[in-house]
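# Notes for the structure review
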Amino acid sequence: MNHISLDGVLQGPGRPDEDTRDGFRYGGWAEQDNDPAMGAAMGERMGKDFSWLFGRRSYDDMLTHWNQNGGPFKDGLNQTRKYVASSTPDAKLPWPNSTLLSGDVPAQVAALREQPGGNLVIMGSGQLIRSLLPYGLVDELLLMIHPLVIGSGHRLFGPDDKAHRLRLVACTPTATGVLMATYQPAQLA
């Protein structure tokens, strides 16, 4: 589940200070387009048997923010099982219910998917998504495509990524002009 701009930027959608890497100055760009339909679509993917799967950067940022500031997501983030992919094998994970994945992350994710309740939900974590796609470990992408061209920033997919054909399985516009597009992998021709 990711907010992206029309030009594919996923960096810093939630707040101005969220991700200022490489001088990114458009943080919080998705906030003005919030719509109850987006929350409902995200909630459908977070049923009772799901766990979060984060890249280390997204984990640190989201949990630090919500634990420091409180708010509607704090308890849910802390109570839900979290798996965190990191290239640092001794990374410290300070938040409750967190498990480190390091080394062969695709193999570890494949094993997690085979367990009961193996519904893993990724938010943010573009690098992690890109690393799992070639192994067929992404079943669905819910992209909330905002009517905005940012022009700079980290994108969900970059120029060096391999081709991945996707098929559109659902698309719903919101009252704010966001397209909630659900894609699933398809075979390359």
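Predicted, not measured: the structure shown is a model, and the values here were computed from it.

Time to look at the sheet that holds strand β4 (residues 98–101). Sheet architecture is open: 4 strands sit in the order β4-β3-β2-β5, paired in parallel fashion. In this open sheet, the two edge strands, each paired with only one partner strand, are β4 and β5 (119–121). On average, adjacent strands in this sheet sit at an angle of 30° to one another, irrespective of strand direction. When strand β2 (residues 50–55) meets strand β3 (residues 82–85), the two strands line up parallel, connected through 4 bridges. Its bridge partner being in β3, L53 is matched across the sheet by Y83. With respect to the sheet, helix α2 (residues 56–69) is in contact with β2, β3 and β4, its orientation differing from that of β2 by roughly 110°.

All right, on to the side chain of S5 then. If you trace the backbone, S5 turns up in strand β1 (residues 2–5). Other than its neighbours up to four places away in sequence, S5 contacts W29, I145, H146, L148 and I150.

Rules used in this analysis
Residues numbered from 1 in each chain as written. Predicted model: local features only at pLDDT ≥ 70, side-chain atom pairs only at ≥ 80, totals over all residues. Heavy atoms only, no water. Pairing = 2+ DSSP bridges. Helix = DSSP H or I, 4+ residues; strand = E, 2+ residues; numbered from the N terminus. Axes fitted to C-alpha atoms, helices over the stretch in contact; angles between N-to-C directions. Contact = heavy atoms within 4.5 Å.

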